[in-house]
Amino acid sequence: MSVALRARTDRIASPRRQRRLDRRVISGISVATVLLVWVACSFTGVLNPDKLPPVQAVAQAFWELVIHGYEGVPFWKEILASVARALAGFLLAVLVGVPFGLLIGESETMAAICTPFLGFLRPIALIPLFIFYFGIGEASKVALIFITALWYITLSAASGVQAVSKDLLLASQTLGFTKRQVFRHVILPSALPQILTGMRVAMALCWALVVAAELIAAQVGLGYMIMDATTFFRIPVVYVGVGIIGLIGLVLERSLIFLEKRLLHWQGR
Amino acid sequence: MRVERATVAFPISAEDEIVALENVSLRLPPSRIVSLVGPSGCGKTTVLRLVAGFMRPTRGRVVLGDSEVTAPGPDRGVVFQQPTLFPWLNVLDNVILAPKLRGVAASSYAPEAARYLEAVGLAGTERQYPYQLSGGMRQRLQIARVLINAPDLLLMDEPFGALDFQTRLVMQELVLALWETYRPGVLFITHDVDEAIFLSDTVYVMAAKPGRILEAIEIPFDRPRSYQELTSSREFIDLRLEILALLGHRSGRRPA
């Protein structure tokens, strides 16, 4: 690229970058304001420490969790238990759901057989049944998360295949591609954006669901911890749990967005 | 290549059908440029789809050499109106995908790709992605992607219809330059009468309802042609009037 051209693209690109920066600054200020109000309230004593704990109490609870763990279980183990359940169910669902969805998208018959069930299924309603069948151990939670994510990922992969441009398929035929080559080099990359969107939504759902499942039945995990802490009025611990759950959810979402940006750079967004 | 008395009809009830194309016959001689002009809805694109092998006629047939056309193939490269590029591949990879998948050695397709990209004026853009290209550049890329398969026939479906006037002229001259070098047969669909005359050896004038061919008009001008010289010549203007009269008369308007 010549120097002159680079200078021009810089000038074109800069307003957008500027705007994105502005948004980040505003978001930062917004978060900082809420935190500041909380800290200010904490030190003036207007908060009822039994209901809405001051920042010192939450910080102290966090520190104690890190040092001593919760009820004899190290804090990292609580975190790992939840993350491992979510990721195990999610990854299994990706492994099964993507090929399954591609198959449904490709075959009219498979679509006709499967879509009624996929349309009918509402995974969260299955929590009690899964506990009934699989008990309250790891299996029931991973199975629940697996089914939920499978549902989403399958649907998105199938609709990704069905949305492939007809003209692009015709073009591939005139270029002499075999059926297999069309699938591998045209249908799969065409469906990728929708597959990744499905994965992102599924991931968010998995993380919410693992916490929900742990609230109902578990001996370890962040959901269990906040439920148990609430029962014993250890509200600062609950706030630490809520904060960590939120943070991990954010990290999971951000990593999938990062993956999307890397894999879908050709969309030019 | 020939289309012989092809009719395309869609049944709407047990007895009734909609006739999209009626008794269309045309010849696509090797290394000749043939255009189809006509109003929208006259079935120009349907003819191209028949020749490409995307569909088969209800009656009549499409013949290539001694055998009937039943499927698409790389011997008939199609340039679509809306560029159908692989958006996840860069310019170079778009061009080389077909030979690569056919098992051609990289040592053979790499220099060819470079040559065709040069020929269509895309040298230097190899690493760019389709979203970074202008409308005209996308069409250039489509043409390069088809040419690397060395097709006998280039099927172009109103390829420049969405481009601005200036770009369209540049692209028309590009088609002629490429034709001079590689000499494929060309079937060119357009509603632009000037474009049809400027490019073609033969112009088929079509009418709608049902889609049919009114007349085949031979274009006598020598090649290479120059747009300015040609379009201001007496013969060109007469031909244009003749074709416009055919089109105008048949759609119920007064001859131009």
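Keep in mind that what you see is a predicted model, and the values were worked out from it rather than measured.

1. With respect to the domain arrangement of chain B
Residue and element names in this part refer to chain B.
- Domains assigned within chain B are domain 1 (2-75 + 152-251) and domain 2 (85-150).
- Inter-centroid distance (C-alpha atoms) of domain 1 to domain 2 is 26 Å.
- Taken together, the contacts link 13 residues of domain 1 with 13 residues of domain 2.
- For the pair domain 1 and domain 2, the summed buried surface comes to about 1100 Å²; carbon and sulfur atoms form 74% of the total.
- Summed over the three residues of domain 1 that lose the most area to domain 2, namely Leu 174, Leu 178 and Tyr 182, the buried surface amounts to 39% of that side.

2. Considering the packing of aromatic side chains
Residues and elements named next belong to chain B.
- A full pass over the atoms with the stated rule returns 12 aromatic pairs over all chains.
- Plain terms: the ring middles of Phe 54 and Phe 80 are 6.1 Å apart, the flat faces sit at 15° to each other, and that makes the pair stacked. Placement of the pair is Phe 54 in the loop between helix H1 (44-52) and strand S4 (59-64) and Phe 80 in the loop between strand S6 (76-79) and helix H2 (91-102), with a sequence separation of 26 residues.
- Here Arg 145 stacks its cationic end above the ring of Phe 86, 4.9 Å away from the centre of that ring.

3. Things to note about the domain arrangement of chain A
All names here are of chain A.
- Domain assignment breaks chain A into domain 1 (1-46) and domain 2 (54-163 + 191-263).
- One C-alpha centre belongs to domain 1, the other to domain 2; they are set 31 Å apart.
- Opposite the 4 residues of domain 1 that make contact, domain 2 presents 4 residues.
- Surface buried jointly by domain 1 and domain 2 totals about 360 Å² across both partners, of which 80% is contributed by carbon and sulfur atoms.
- Contact with domain 2 buries surface across domain 1, with Trp 38, Ser 42 and Phe 43 losing the most and accounting together for 90% of the total.
- Linking domain 1 to domain 2 there are 0 salt bridges.

4. Considering the interface of chain B and chain A
- Tallying the contact residues gives 20 residues for chain B and 19 residues for chain A.
- Between chain B and chain A the total buried area reaches about 1900 Å² when both faces are included, carbon and sulfur atoms providing 74% of it.
- Together, Trp 88, Leu 101 and Tyr 131 of chain B form the three largest contributors to the area buried by chain B at its contact with chain A, with a combined 35%.
- The interface formed by chain B and chain A includes 1 residue pair in polar contact (both at pLDDT 80 or more).
- Its residues placed into classes, the side of chain B that touches chain A shows 14 nonpolar, 3 polar and 3 charged.

5. Focus on the layout of surface pockets
Residues and elements named next belong to chain A.
- The space that makes up the second largest pocket amounts to roughly 450 Å³.
- Considering the residues around the second largest pocket, the lining is formed by 18 residues, among which Gly 105, Glu 106, Leu 169, Val 182 and Ile 187 are closest to the centre.
- Counting residues per element, the ones that place at least two in the lining of the second largest pocket are helix H3 (75-106), helix H4 (108-120), helix H6 (138-162), helix H7 (166-174) and helix H8 (179-216).
- Across the lining of the second largest pocket, the residue classes tally to 9 nonpolar, 5 polar and 4 charged.

6. Some thoughts on the side chain of Thr 46 of chain B
- Looking at where Thr 46 of chain B falls in the secondary structure, it is placed in helix H1.
- Not counting the four nearest positions on each side in its chain, Thr 46 of chain B is found in contact with Val 8, Leu 21 and Met 55 of chain B.

7. Quick notes on the packing of H6 of chain A against H8 of chain A
All names here are of chain A.
- For the pair H6 and H8, the least separation of the axes is 8 Å and the interaxial angle reads 160°. One element, H6, and the other, H8, form an angle in the roughly antiparallel class. In this structure, H6 meets H8 at a crossing whose hand is right-handed.
- Taken together, the residues of the contact of H6 with H8 break down into 18 nonpolar, 6 polar and 2 charged.

8. Let's talk about the sheet that holds strand S10 (residues 212-218) of chain B
Residue and element names in this part refer to chain B.
- In space, the 6 strands of this open sheet follow the order S6-S7-S8-S3-S9-S10, with mixed pairing throughout. Each edge of the open sheet carries a strand with a single partner, namely S6 and S10. Taken over all neighbouring pairs, the strand axes of this sheet differ in orientation by 20° on average, direction set aside.
- Set on the sheet, helix H4 (residues 135-147) makes contact with S6 and strand S7 (153-157); between it and S6 the angle comes to about 170°.

9. As for the pattern of salt bridges
- Under the definition given, this model contains 15 salt bridges over all chains.
- A salt bridge links Glu 68 of chain B to Arg 56 of chain B, with the nearest nitrogen and oxygen atoms 3.5 Å apart. With Glu 68 of chain B in strand S5 (residues 67-68) and Arg 56 of chain B in the loop between H1 and S4, this pair connects stretches of sequence that are 12 residues apart.
- Residues participating in the shared-partner salt-bridge network are Arg 85, Glu 138 and Glu 214 of chain A.

Reading the values: rules and limits
Residues numbered from 1 in each chain as written. Chains lettered and ligands numbered in written order. Predicted model: local features only at pLDDT ≥ 70, side-chain atom pairs only at ≥ 80, totals over all residues. Heavy atoms only, no water. Domains from an automatic or database assignment. Contact = heavy atoms within 4.5 Å. Buried area = accessible area lost by both parts, 1.4 Å probe. Phe/Tyr/Trp six-rings, centres within 6.5 Å; stacked < 30°, edge-to-face > 60°. Helix = DSSP H or I, 4+ residues; strand = E, 2+ residues; numbered from the N terminus. Lys NZ or Arg CZ within 6 Å of the ring centre and 35° of its normal. Salt bridge = Lys/Arg side-chain N within 4 Å of Asp/Glu carboxyl O. Polar contact = N/O pair within 3.5 Å; in protein donor to acceptor, adjacent residues only side chain to side chain. Nonpolar A, V, L, I, M, F, W, Y, C, P; charged D, E, K, R; others polar. 1 Å grid on protein atoms, 1.4 Å probe; cavity = no way out; pocket = protein on both sides within 12 Å on 5 of 7 lines; lining within 4 Å. Points joined across faces, edges and corners; volume = space filled by probe spheres on them. Axes fitted to C-alpha atoms, helices over the stretch in contact; angles between N-to-C directions. Parallel < 35°, antiparallel > 145°, perpendicular 65-115°, else oblique. Left-handed = near helix turned anticlockwise from the far one by under 90°. Pairing = 2+ DSSP bridges.

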